[in-house]
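# Analysis of the macromolecular model
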Amino acid sequence: MPTLALIATGGTIAGSGPLHRYTAGVLDAASLLDAVPELAELAAWQVEQIFAIDSRDMQPAQWLKLASRIRALQADPTIDGIVITHGTDTLEETAFALHLLIAPAKPVVLTAAMRPASARSADGPANLLQAAITALDTDAARHGVTVVANDIIIHSDTLHKAHTHHTDALRCIEGGGLAGRILAGKAQWLTPPSSLQPALQLPEDIALPRIDILNAAAGTPPDLIDFCVAAGARGLILALTGHGSIPADWRPALTRARQAGVHIVRASRIAAGGVWPGCNEDDEASDCIAAGLHSPQQARVRLMLTLAAQPDISRNRLAALFSAR
Ligand code: SIN
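None of the values given here were measured: they were computed from a predicted structure.

## Details of helix α10 (residues 315–323)
If you check which residues of α10 are buried, you get L318, A319, L321 and F322. Buried residues of α10 fall within an arc of 155° about the axis and therefore sit on the same side.

Shown next, in the form of structure tokens:
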């Protein structure tokens, strides 16, 4: 029988209490397993509780701790795959961080739930079972870090949370291509693996640079840019209108930020379509990098981890990383 590791981090999947007033992350990893008897028929389990939090409180340092634990489990010859339970709220950030930090040596599958474990219609048990099925699939490792919920398998670089309360909230960004689905109790792959770049080998205790996200709305004052730079930001992600259009009154502050060596990524507050180089004059005029298909929060993850690994990376090399997807 294969052995899977379950790493629990908290989230609604481990939540308990009334449907709209529950507390996330209160049930332990063993209780999640016990709620789904079929899991014991699929695999032997090694269970650990690395965090017990609502994922709104997840910190970047915890991505590094999780990554280092996953690497250790991948190196353990007795472990065949790793399943991680997590809250949905920041799952797209943790999953993308792991996508950048973990080599595809063994399957790594994250899952979550929109309804607490105590709800009559809890979605966590089925999602956990589907995550285990995926982690046992022979092709799973080639797909890198994946996320499974509500019958679908999503590559973690294309994941986004698209609804505040429906159970199909975890989706694949438009243009990303769904990785696969769970059908008749099996994983069925629908697209080839994402192109996997070599994992960033960041030690658990490395200090991560400050990267801030600024959201553009009508009249948002540009002094926020100066504030972030003065506070020590090494990078700024602009969640701009439309195809990443920079407000005219932001330009002088952005120029000052670039002169101070701050990297600036032009993303969009719109969920689909991405921001691409060469589509308007904003890259050249402001020396910003186009985000490609990265959401503002995923652009922040990429910039934070990349600058931690390569503090002196050139602007052009960074731009290539972003527009590669
Ligand atoms: C959380 O992200 O921890 C709470 C919300 C959820 O899991 O859906």
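Let's pick the thread back up.
## Some points on the pattern of salt bridges
Two side chains that carry opposite charge are able to pair once their charged atoms sit near each other. Taken as a whole and assessed by the stated rule, the structure comprises 10 salt bridges. Where R56 meets D57, a salt bridge forms, and the shortest distance between an N and an O atom there is 3.9 Å. Looking at D57, the relative accessible area reads 41%, which means it is partly exposed. In this structure, the salt-bridge partner of D139 is R142, at a minimum N-O distance of 3.9 Å. Owing to a relative accessible area of 31%, D139 belongs among the partly exposed residues under this scheme.

## So, the sheet that holds strand β11 (residues 211–215)
The parallel open sheet is built from four strands, whose spatial order is β11-β12-β13-β14. Strands at the two margins of the open sheet, each flanked by one partner only, are β11 and β14 (289–290). Taken together, the two bridges between strand β13 (residues 263–268) and β14 define a ladder with parallel strand orientation. For R266, the partnering residue across the bridge sits in β14 and is A290.

## What about the nonpolar core?
With 54 residues, the main nonpolar core has I70, I82, L98, L101 and L305 as its most contacted residues. Discounting residues that sit within four places of it in the chain, L101 has contacts with W63, L64, A67, R71, A199, L200, L202 and L305. Judged by nonpolar contacts, the second largest core, of 25 residues, contains L4, L33, V83 and A187.

## Brief notes about the site of the ligand
Neighbouring the ligand are the residues G11, T12, D54, S55, G87, T88, D89 and A113. At a separation of 2.9 Å, an oxygen atom of the ligand approaches a polar side-chain atom of T12. D89 places a polar main-chain atom, nitrogen or oxygen, 3.0 Å from an oxygen atom of the ligand. When grouped by side-chain class, the residues that make up the shell around the ligand number one nonpolar, five polar and two charged.

## Description of the packing of helix α4 (residues 91–101) against helix α9 (residues 296–309)
A pair of packed helices can be characterised by two numbers: the angle between their axes and the separation between those axes. Closest axis-to-axis distance for the α4/α9 pair is 9 Å, and the angle between their directions is 35°. Crossing angle aside, the handedness with which α4 passes α9 is right-handed. Touching E92, E93, F96, A97, L100 and L101 of α4 are Q297, Q298, R300, V301, R302 and L305, all from α9. Grouping the constituent residues of the contact of α4 with α9 by class yields six nonpolar, two polar and four charged.

## Let's talk about the packing of α9 against α10
The N-to-C vectors of α9 and α10 enclose an angle of 140°; their axes lie 11 Å apart at closest approach. As the angle between them shows, α9 and α10 are arranged oblique. You can see that α9 and α10 cross each other, and the crossing is right-handed. Contacts between α9 and α10 involve A299, R302, L303, T306 and L307 from the first element and L318, L321 and F322 from the second. Classifying every residue of the contact of α9 with α10 gives six nonpolar, one polar and one charged.

## Comments concerning the side chain of T306
Mapped onto the fold, T306 is located in helix α9. Setting aside residues no more than four positions away along its own chain, T306 makes contact with L200, I313, L318 and L321.

## Structural notes on the pairing of strand β4 (residues 108–111)
Along β4, one buried face is formed by V108 and L110 and the opposite face, lined by V109 and T111, is buried too. Sheet analysis places strand β3 (residues 81–85) next to β4, joined by four bridges and oriented parallel. In the sheet register, I82 faces β4, and the bridge partner there is V108. Handedness of the β-α-β unit built from β3, α4 and β4 comes out right-handed. Note that β4 and strand β5 (residues 145–149) share four bridges and pair parallel. The residue bridging V109 from the neighbouring strand is T146, located in β5. In terms of handedness, the path from β4 via helix α5 (residues 124–135) over to β5 forms a crossover that is left-handed.

## Things to note about the sheet that holds β4
Read across the sheet, eight strands follow the order β2-β1-β3-β4-β5-β6-β9-β10 without closing on themselves; strand pairing throughout is mixed. A strand with exactly one partner marks an edge of an open sheet, and here the two such strands are β2 (44–53) and β10 (186–189). Ignoring which end each strand starts from, the neighbouring axes of this sheet average 25° apart. α4 rests against β3, β4 and β5 of the sheet, and its axis sits at about 150° to β5.

Cut-offs used in this document
Residues numbered from 1 in each chain as written. Predicted model: local features only at pLDDT ≥ 70, side-chain atom pairs only at ≥ 80, totals over all residues. Heavy atoms only, no water. Buried < 20%, exposed > 50% of the residue type's maximum accessible area, 1.4 Å probe, protein only. Helix = DSSP H or I, 4+ residues; strand = E, 2+ residues; numbered from the N terminus. Arc of directions from axis to C-beta. Salt bridge = Lys/Arg side-chain N within 4 Å of Asp/Glu carboxyl O. Pairing = 2+ DSSP bridges. Core = buried A, V, L, I, M, F, W, Y, C linked by side-chain atoms within 4.5 Å. Contact = heavy atoms within 4.5 Å. Near = heavy atom within 4 Å. Polar contact = N/O pair within 3.5 Å; in protein donor to acceptor, adjacent residues only side chain to side chain. Nonpolar A, V, L, I, M, F, W, Y, C, P; charged D, E, K, R; others polar. Axes fitted to C-alpha atoms, helices over the stretch in contact; angles between N-to-C directions. Left-handed = near helix turned anticlockwise from the far one by under 90°. Parallel < 35°, antiparallel > 145°, perpendicular 65-115°, else oblique. Right-handed = clockwise from strand over helix to strand, strands pointing away.

Keep in mind that these numbers describe shape and distance, not what the molecule does.
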